[in-house]
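# Examination of the molecular architecture
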Amino acid sequence: MRFFTSENQRLATEIIGRYPKARSATIPLLHLAQEQHGWISDDAMIEVGRLVDATPAEVKGTATFYEMFKFAPVGKYLINICGTMSCQLLGADHLMHHAETKLGVVAGGTTEDGLFTLEHAECQAACTEAPTLQVNYRHQYRVTTESFDQLVDDLAAGNLDGEIPPHGTLGRVRQAIPADKSVGAVPPTEVDGPPVWLAVEGAS
Amino acid sequence: MTDLASASEVNETGVNITINGVRVVAPKGELVIDAAERNGVYIPRFCYHPRMEPVGMCRQCLVEVDTGRGPGLQPSCMLTVSDDMTVDTESETTKRAQEGMLEFLLVNHPLDCPVCDKGGECPLQDQTLAFGPGESRFVEEKRHYEKPIPISDLVYLDRERCILCDRCTRFAKDIAGDPLIHFMHRGNETQVLTFPDDPFNSYFSGNTVQICPVGALTARPYRFRARPWDLAEVESTCTTCSVGCRVAVQSSRNELLRYEGVDIESVNHGWLCDKGRFGFESVNSDQRLAGPYLRDVNNSDQLVGTNAALEAAATAIGAGRGGGGVGVIGGARLNNESAYAWSKLARTVIGTDNIDAQLADGLSAQMVLSLPRATIADATSADNVVVIGTDLKEELPVLFLRLKGAAQSGRIKLTELSLLVTGLSKHASASHRYVPGELAHAVGELLASNPQLASGSTVVVIGRPSAADFPDEVEAAVGVLTAGLPLATFLPALRRGNVMGALDMGLSPGVLPGRVSLDEGRDWFGSVWSSLPGEVGLDTAGMLEAAAAGRLDTLVLLGADPLADVPDRDLVERAFAGVGSIVAIDNFVTESVKRANVVLASTAFAEVGGTTTNLEGRVSRLGQMITPPGTARADWMIAAELAWRLGGDLELESLAQIWSEIEAVAPSHAGCTLEVVEAEGAIEGVVVPIPKSPDLAGAPSGPASIRWSAPALAEPPSVDGYSLRLVARRKLYDAATNTQMAPSLANLAEQAQLMVHPGELRRLGVESGTRVNVTSSRTTVVLSLVGDAAMPRGLAVMGLRQPGLAASELIDLRAAITELRIESR
Ligand code: SF4
Ligand code: SF4
Ligand code: FES
């Protein structure tokens with residue numbers, strides 16, 4: 001049994017083709033794996049290693065460097081509440097406490113229905129909008145206890161399905177790269193003259 | 001002189017720099033840390049290792065450097081010298097930086113030195129004492145991890161002690177090519193780890209333990225066995241295979257405890273393979289043969305004194321000498337001096353030329369001795385290297401490392417021709433497969449399609465591809481090579497420890513010491529030895545056939561186990577049944593020794609000094625560290641005693657005196673005196689023959705060297721569509737006695753199985769892992785059949801000597817190839 005679905009397998013092959021070296025596709029493929037399952041299992045890392053010709057240890061070494069890869073199941077919605085200075089001053093602690101009560105889990109935990117994982121986060125670069133949180137890395141600004149409850153209820157009811165896809169979904173992986181901009185199309189060793197992108201950008 | 005700097009890229013143009021106020025000249029491209037060390041200034045370091053690319057990971061080597069823009073702190077392991085650079089390793093700023101780094105490194109270090117194997121030889125201890133702040137301001141709780149975790153069967157990791165220097169992980173990836181350990185997580189959580197259930201099973205894992213600058217990595221065979229200050233040490237040369245890596249042999253209370261790699265430029269660069277590194281366990285084994293015994297007619301063993309055993313051995317050999325003949329098999333375990341003594345004993349006292357250090361599993365001695373020889377340095381700097389036949393990773397591991405490194409750096413263009421994908425395949429510019437029985441033709445095609453091989457320097461590494469094929473095939477292939485590449489030099493990939501020394505000492509029929517043939521050397525040796533056999537004797541295969549036919553009275557097994565090693569078990573069985581008596585001289589009671597009538601115990605590695613010769617022809621010193629068990633004796637002493645009891649006298653008295661005799665009589669060893677081999681700085685050893693200095697060029701030096709001519713190209717054997725051709729390959733860990741007697745290595749040997757392409761499984765209609773009947777012209781055996789997409793179609797691959805079943809059961813050594821028929825049961 002292959003790890004990736006046949007559609008994702010096709011996409012994986014395409015992603016690898018974007019780079020002169022298969023290894024460069026490690027992180028995009030990890031994202032693809034996380035999109036497929038919501039988190040990254042050992043099997044996923046073994047398969048990514050196989051695809052990019054790296055050992056599972058190398059893949060895991062790369063993957064575990066990054067916060068956004070999860071190595072245990074997380075809820076469909078990952079809620080990160082910022083706790084850095086501005087948010088802290090504007091009630092982040094209170095918000096976190098409220099969120100824990102509302103969801104019935106402590107920070108780091110996942111609700112029993114598998115819908116929500118609650119996490120504490122460092123600065124989300126939106127200090128003017130404090131306190132902030134992110135749901136699957138989509139910002140929510142000036143969050144109050146009321147707006148938090150509303151958000152959770154909407155998510156649970158599926159009202160926000162159009163805006164917030166399940167955890168792991170990332171647009172970039174799906175980004176199509178026109179053939180003439182794909183690095184893999186011309187191995188760097190064979191490029192003569194200015195890089196393709198420069199020619200294209202310059203022309204516009 | 002070879003210094004550490006030679007590992008990095010250094011050319012001869014000098015650069016003027018000032019180190020601590022002293023003007024010195026450094027070669028362009030040299031790293032500041034090396035330039036300083038060369039001039040007697042040691043800069044502390046953890047991550048920098050002269051045999052690996054610098055990474056600037058630990059920052060311990062920060063020193064104040066001024067290149068004209070004012071002084072600043074720079075990591076000296078990442079900085080190359082430049083003109084008018086000023087380096088201050090003792091300034092207040094440098095001192096504060098180094099103290100600060102050490103204070104940081106010790107923040108999380110557990111300082112459990114009293115229970116740490118590294119304590120006493122620990123760079124962190126030593127450099128903290130020399131360069132550290134003396135005390136720490138850190139009062140918080142340290143990081144905690146489970147202590148220690150096994151990362152393989154051989155290596156344990158204590159993450160609390162790790163200082164994240166990246167040496168082990170860099171070694172695993174860049175040097176060994178087994179990136180199975182890696183930094184995982186980030187920041188304060190960063191740790192070295194393997195992937196779950198994917199242990200650090202590298203043939204070279206022990207090197208990480210040696211280069212870890214703290215006690216984070218420890219080797220199971222040594223853990224808690226000794227403190228460094230209790231170890232006695234002698235330098236020696238590993239004789240586990242014919243690469244001949246330089247090692248420091250360490251012991252305590254007459255027990256071997258550890259081997260450490262010694263860095264020599266020409267061979268191992270400080271690395272060892274795990275089989276060599278941990279093989280000391282077999283020397284210590286309580287299964288060692290500690291004294292002689294006789295087996296009587298009722299098959300019961302009777303322990304006897306050495307005199308009685310020698311008497312019995314002499315009687316058996318004497319009976320053969322007077323009657324149907326004596327044959328001596330083995331000798332590659334011996335040091336050069338013992339090999340010479342046995343060569344002399346056989347030729348002069350026993351009067352036979354039936355002597356062979358190879359067990360019908362190697363290459364023609366005449367061919368090996370007559371080919372122009374390359375060194376490892378030649379092979380790592382040639383324009384082209386062609387590796388033919390063997391999987392060097394399995395057979396000569398550190399030679400594999402050296403060639404892999406040279407290929408990766410782009411210095412050499414590596415071309416491979418082998419039956420199967422090998423460890424080197426992915427590092428080769430081109431890797432070709434051929435079909436058993438067709439090597440010579442494949443070589444012809446290779447030469448035709450690669451004309452560049454004939455231009456520039458080419459080194460050919462040649463070994464025996466499969467013990468299931470007729471060795472003539474290799475000779476014919478070499479014939480094609482020497483004709484097509486007249487300037488090529490060769491590295492013979494023979495596996496056994498001192499097989500090259502044994503061949504140089506004449507342990508092969510028709511070959512006398514010093515690479516001369518019996519016929520060409522007749523006059524010369526006739527004058528220095530008392531007598532010589534009349535005609536060329538039998539090789540191992542010939543001796544076994546003669547014994548099987550009742551034409552040989554006595555077989556002497558000189559550290560040989562033909563039942564296990566000769567690729568034709570049936571022939572050995574018949575030979576043992578047909579021979580009058582067997583005298584065995586060995587370290588262990590092997591399967592073959594069990595069949596001997598007289599058994600004498602001999603010394604093992606580190607129990608006797610002398611010299612050994614590696615595949616390049618490099619003669620280097622062996623060190624004696626411990627005394628042998630019981631009454632075991634050096635093989636040359638046994639030879640001398642036997643000569644005496646047979647009414648002769650070898651006139652050999654000590655290792656030193658034997659070496660002088662070798663230097664005097666063996667033409668290839670002329671000039672290689674003990675003084676030369678032992679000279680200060682000669683840890684690199686001496687490659688024989690030593691080129692003659694011009695003023696000696698005209699001097700007579702004994703007979704001309706050996707001649708060999710390639711056999712005619714045979715027609716490839718015809719293809720039988722129903723059979724699979726057997727490939728009997730060697731794996732590093734197998735059922736060989738020395739591996740099985742080392743508890744840490746024994747379990748690393750894979751069980752015997754037959755591997756085929758999955759397509760063959762489908763054709764046969766069986767699942768992978770099914771046990772099947774396997775039939776050759778010799779016998780039918782039961783083996784589990786495993787599918788593996790790396791196997792070429794039409795071949796069936798098994799280890800020559802894996803536990804469970806040896807391929808030798810299936811092989812007829814007089815058949816050009818071995819065909820197998822596979823049926824479900
Ligand atoms: S285990 Fe040893 S060699 Fe490896 S990174 Fe840690 S300190 Fe360095
Ligand atoms: S490569 Fe050979 S000589 Fe070197 S350590 Fe291994 S067994 Fe010993
Ligand atoms: S030795 Fe230079 S940074 Fe580690």
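Owing to the predicted nature of the structure, the values given are computational and were not obtained by experimental measurement. (Residues numbered from 1 in each chain as written. Chains lettered and ligands numbered in written order. Predicted model: local features only at pLDDT ≥ 70, side-chain atom pairs only at ≥ 80, totals over all residues. Heavy atoms only, no water.)

Looking only at helices and strands, one finds 9 helices and 4 strands in chain A. Considering only intrachain contacts with a sequence separation of at least 6, the fraction spanning at least 24 residues in chain A is 67%. (Helix = DSSP H or I, 4+ residues; strand = E, 2+ residues; numbered from the N terminus. Contact = heavy atoms within 4.5 Å.)

Bringing the interface of chain A and chain B into the picture now. Contact with chain A, which involves 14 residues of that partner, is made by 12 residues of chain B. Taking both sides of the interface into account, the surface hidden between chain A and chain B amounts to around 1,200 Å²; carbon and sulfur atoms contribute 67%. In this assembly, chain A and chain B are joined by 2 salt bridges. Summed over the shared surface of chain A and chain B, the number is 4 residue pairs in polar contact (both at pLDDT 80 or more). The set of elements that each furnish at least two residues to the side of chain A that touches chain B consists of α3 (42-52) and α4 (56-63) of chain A. Element by element, the count of residues in the side of chain A that touches chain B is highest for α4(A), at 5 residues. (Buried area = accessible area lost by both parts, 1.4 Å probe. Salt bridge = Lys/Arg side-chain N within 4 Å of Asp/Glu carboxyl O. Polar contact = N/O pair within 3.5 Å; in protein donor to acceptor, adjacent residues only side chain to side chain.)

Bringing the site of ligand 2 into the picture now. The full set of residues close to ligand 2 is B:Cys238, B:Thr240, B:Cys241, B:Val243, B:Gly244, B:Cys245, B:Leu272, B:Cys273, B:Gly276, B:Pro397 and B:Val398. Taken together, the residues that form the shell around ligand 2 break down as 8 nonpolar, 3 polar and no charged. (Near = heavy atom within 4 Å. Nonpolar A, V, L, I, M, F, W, Y, C, P; charged D, E, K, R; others polar.)

Attention shifts here to the domain arrangement of chain B. Under the domain assignment, chain B is made up of domain 1 (6-105), domain 2 (308-362 + 499-613 + 630-705), domain 3 (365-492) and domain 4 (724-824). Averaged C-alpha coordinates put domain 1 of chain B and domain 4 of chain B at centres separated by 54 Å. (Domains from an automatic or database assignment.)

Let us now look at the environment of B:Leu157. Residue and element names in this part refer to chain B. Relative to the helices and strands, Leu157 is located in strand β7 (residues 155-157). For the pair Leu157 and Lys594, spaced 437 residues apart in the sequence, the C-alpha separation amounts to 42 Å. If we skip the residues at most four places from it in the chain, Leu157 touches Pro148, Ile149, Ile151, Val192, Ala216 and Leu217.

As a further point, take the site of ligand 1. Taken together, 13 residues lie around ligand 1, and B:Cys162, B:Cys165, B:Asp166, B:Cys168 and B:Cys212 are the ones closest in. Residues belonging to the shell around ligand 1 are distributed by class as follows: 11 nonpolar, no polar and 2 charged.

Membership of the largest hydrophobic core comes to 155 residues, with the highest contact counts inside it found for A:Leu29, B:Val243, B:Leu392, B:Leu399 and B:Leu403. No other element matches helix α13 (residues 397-408) of chain B, which puts 7 residues into this core. Among the nonpolar cores identified, the runner-up in size contains 57 residues, and B:Leu334, B:Val349, B:Leu600 and B:Val677 belong to it. (Core = buried A, V, L, I, M, F, W, Y, C linked by side-chain atoms within 4.5 Å. Buried < 20%, exposed > 50% of the residue type's maximum accessible area, 1.4 Å probe, protein only.)

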